[in-house]
Every structure is written in structure tokens, then in C-alpha cells.
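Spelled out from the first residue to the last, the chains are:
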Amino acid sequence: MEEIIEHPVADGMEERKRSETSSFLESLSEHRSTQSNTHGSTQSSQRLLAYSDALISIIATVMILPVAHTKIGEDEELKESVQVLLTTKIGVYLMTFLIVTVAWAAHVRLFQVIVRIDDCLALLNLACMMLITFLPYTFSLMATFPENHLGILLFCGCVMVIGLIQALVVVYAFSRPFLLKEQIQTSEDLKVYKHHILQVILKVPVMCFLASIFSFIFLQLSYVLLAMVIFLPYISQFLKWCRSKATGEEETPDPEPLYQASEPLSKERLEAFSDGVYAIVATLLILDICEDNVPDRETVKTVYNGSLVSALSDYGPEYLAYFGSFVTVGLLWFVHHSLFLHVTKTTRFMGLLNAFSLAFVGGLPLAYQLTHEFPRNSNNELEAIQVSCVIIFFAGINQLGIWVVALYSEQETLHRYVRYAGRDHIFMLAKLALYPCVALGTFFLTCILSQFSASIFHLMEITVPLAFLVLRLLVRVALAGLRLIFCPERAIPRTVLEEEQDALVA
């Protein structure tokens, strides 16, 4: 009887000891695991990536400031100045903006491989960001003195050092594999991955090195080499295809698509970077008002008899131009948001068109600066308004191009509602085509009715937001009218049940 009673007690004590020993071992294991994971005070790279994204989007956007602040004399024809701008400052701005987006894409891909950082990596990244923040100054030198090779040397030098720092980041991270993505940590081809990533990263510094050398020999060729940096993944793919066709061998794939310069970035990263550019452009618009449209105290006292309202009333055109430009930026962001709301996956070409669209959106501060700088009904005002229409047109047409490209592989890239025959296909087309069509129409109207150019442009800025509000109704009315004209038998109003069945089929 005692044995029967004592045995469970003994078993309970043994189980308790085993439980305590097991919990101790588990806590020890967790402690060791935590120590290994936090080796060298490591942390996730997400915050560093978000900080770098914000900084690079700011740098890409402020590239427009040297162009927007170009002073044009009252007796100087804008047409001649625009010709100079288009061949120098605007061209160099577009090139450097796109090169900065290439650097941003490379940075994002690098930290998709390196998922944890320590103090050394954080400091190396700060050094890289410091050089990126210096790029607008080198761009100003290139745009102001395009015939001098010093500006392009400084720009190429910065890009080369950025590439070398990124290569150093790769070497350091691969020497500590616990910083890398788990798929690479457990791989047997660690050296293969490292050499592959270094090979991809060092292509841009090599191109910039060649451009800096040719700046002493043939300056125009150095600009061509820099422009090739933007299309380097496409050029590399084309050369691989040519080599495979010439030798008759199949293309040898890279180890694994964990770091591919030719692979598209995720939809979320494109959205985050684009949102940053739109936000900064909208913010830049107010800087000129804060700087140039605050009257001097003495002037208000002597000229306007102390009436601040009278003094501010002289700046009416500037305020109107600011609000119109802000609405334009906001609605272009709204269209971009609506488009990517229905995009499920991005492609390389979609990313390139998005970069072009953002480059023209970045030019909207120039449009704002021009539309209020010249006297009313002058020839310069007409040409400034036409330049603004061109910038808005290309910002919108590239957004439309993103959607057209997405339609070619709509099963992978688009939600079913906006595919061909989807219930919102026509509505999305109308939303994306609205700004290009209105900007193009305004451009031609100002050519015909030049004396009313300012009124036509401001009317466009007012009516476009209203058009967006009633766009769905306008599309339905237009479709009903087309059915009535071309397909009378289908003009009968459809029931809600029929529309829902069509949506399910789509």
C-alpha cells in the first residue's frame, strides 16, 4: 500500500525535476539563440532601408531646383532660354534623376539580401548616403557648365565611391553570414553568391570610370556612357541574348534570383519610393512662396500705407499658380495610387516607365515657377504655359504607359476588374488618359487662342478635379451613348443582377 502511495509521489518529483531541467535547457537554448541572433548588436535592416529610401527620394526630387531657379530676364525670350534648358539643364536633370533611381534600386536589392545590420554596416550605409546627398551639387555644376569636364568628373567620382562602398558592404556582410538572408546562409554556394552580387554592383562604377576618362577626350561620349547606366540591365540581357545566338548555346542562368539587377522590384517598394517623390514635390512648391512672396515690413509701411492685405493682393497670380500646381501633383498621385491599387505585380519595363513619370512629376516645380514669373498676356507667359502642359502631359502619359504594358501580361500583373472586358477596364483607361488628353488639348488651345492662354490654363486646373469627381458617371453616359449609336439592341438598361454576373465571369 505504501509502495502504491509513494510511487506516484516519487514519479511526480521526478517529473517536476525533469520539467525544471527541460525549462532550464530551453531557456539556455533561447539565450544562446538570442546571443547568436544579436551578435554584434545586430538588428533588422528595415529601418535603415526606410531611412535610405526617404533620403534618396528627396535627393532625386531636389535635382530640379537648379533648373527651376534659373533666372530669365524680362527682355529675354523664353523660347531661346527653353532651347538652352532642354539641351542642357533639363536633359542633365532627367539623366541624373534616373541614375539616382538606379542607385536606389541597387540599394533596395542589396538589403533584400542583407536582412540584419550591425554598427559597421550602419556607418558604411551612412557614408554611402552622404555621397548621394552630394549629387545635387555635382548636377548643378554639370548643368551650369556642361562644356567643362569637372562637373561630370565629380559626379562620376561620387557614383564610383558609392559603388565601392556597396561592394565593401557585400564583402563585410558575407564575412558574417548571420547578417544574410536565411536562404543564402544555408547555401553551399556562398562564394558564388558573393561574386555574383559584386559583379552586378561594380558594373555602374566601371561605366562611370569610363565616362570620366572620356570626359577628357570626347565630352559628349561621356554623357552617352552615363545615360547607358540607366539601361544597363536591358543592355546586359541583350548582349547575353546575342552571345547565345552567335554561339548557339543556351543562356546560363544565374545561381538563384536572390539578387538580380534585371529583376523588377516589388510593388510595395515602388509605391513607397513614388509616394516619397510626390510628397516632396508637393512640399517644394511652397518654398518659393515662403521665400519670394512675403513682403518687406518697410515696403508694406511706405507703399501700402501699412495694409498687409493690399500688399498680399499683388501676389494673387502666385497663389493661384501654387494651388493649381499642388492640385496637379495631388491628382497625379491619386491616379498613380488608383493604378497601383489594381496592380498585383510589377515588371522591369513598368518600373522604368514609373521612373520616367516621376522624373516629369519632379519637373512640376519648374512649371509652377514659369507660370507666374512673366507679365500677363506676354509671349513668355504663353510659352511658359505650354512648357507646363508638356511636363504634365509626359507625367501622365508615362502612367498610362505603365497600364498599357501591364495589359500585355494582365494575368500576372493586373486585378481582374481592370483587365480586358473587366467591369472597371474603361473607367481605369479614362482615369489614366484624362490628364494627358487635357494637357494636350490645353497646349493646342493656347496655340490657337494665345491671348487667352492664362485663362485656358487656369480653367484646366479647375475643371480637372471636377472631372475626376464625376468621371465614373461620364464614362457610363459615354458608353450608353456609344451603345445607342452602334449597338441599339444592347442599349436596354441592365439590371444589377446582370452586372454582378458579368463581374463574376470576368
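One can find the structure itself at the top, above this paragraph.
Rules behind the numbers
Residues numbered from 1 in each chain as written. Predicted model: local features only at pLDDT ≥ 70, side-chain atom pairs only at ≥ 80, totals over all residues. Heavy atoms only, no water. Helix = DSSP H or I, 4+ residues; strand = E, 2+ residues; numbered from the N terminus. Buried < 20%, exposed > 50% of the residue type's maximum accessible area, 1.4 Å probe, protein only. Contact = heavy atoms within 4.5 Å. Areas by Shrake-Rupley, 256 points an atom, 1.4 Å probe, with all protein chains shown as cover. Salt bridge = Lys/Arg side-chain N within 4 Å of Asp/Glu carboxyl O. Axes fitted to C-alpha atoms, helices over the stretch in contact; angles between N-to-C directions. Parallel < 35°, antiparallel > 145°, perpendicular 65-115°, else oblique. Nonpolar A, V, L, I, M, F, W, Y, C, P; charged D, E, K, R; others polar.

Asks: Please set out the overall build of the chain residue by residue, giving values where relevant.
Replies: Within the chain, the regular secondary structure consists of 25 helices and two strands. Residues counted as buried form 44% of the 506 residues belonging to the chain. Contacts in the chain between residues at least 24 apart in sequence constitute 79% of all its contacts with a sequence separation of at least 6. Surface exposure of the chain reaches about 27,400 Å², of which carbon and sulfur atoms provide 64%.

Asks: Go over the pattern of salt bridges with me, naming the residues and quoting the values.
Replies: Evaluation of the coordinates by the stated rule reveals one salt bridge. Residue Arg 269 is joined to Asp 53 by a salt bridge in which the shortest nitrogen-to-oxygen separation is 1.8 Å. Separated by 216 residues along the polypeptide, Arg 269 in helix H14 (residues 267-292) and Asp 53 in helix H2 (residues 46-62) bring together distant segments of the chain. For Asp 53, a relative accessible area of 7% corresponds to the buried category.

Asks: Account for the packing of helix H8 (residues 149-175) against helix H10 (residues 190-201), naming residues and giving values.
Replies: Packing of H8 against H10 brings their axes to within 10 Å, and their N-to-C directions diverge by 170°. By the angle between their axes, H8 is roughly antiparallel relative to H10. Where H8 abuts H10, its residues Gly 163, Gln 166, Ala 167, Val 170, Val 171 and Phe 174 lie against Leu 190, Tyr 193, Lys 194, Ile 197, Leu 198 and Ile 201. Here the contact of H8 with H10 is built from residues that sort into nine nonpolar, two polar and one charged.

Asks: Describe the side chain of Gln 386, and please don't skip the residues or the numbers.
Replies: If you trace the backbone, Gln 386 turns up in helix H20 (residues 379-408). For Gln 386, a relative accessible area of 15% puts it in the buried group. Discounting residues that sit within four places of it in the chain, Gln 386 has contacts with Phe 443, Thr 446 and Cys 447.

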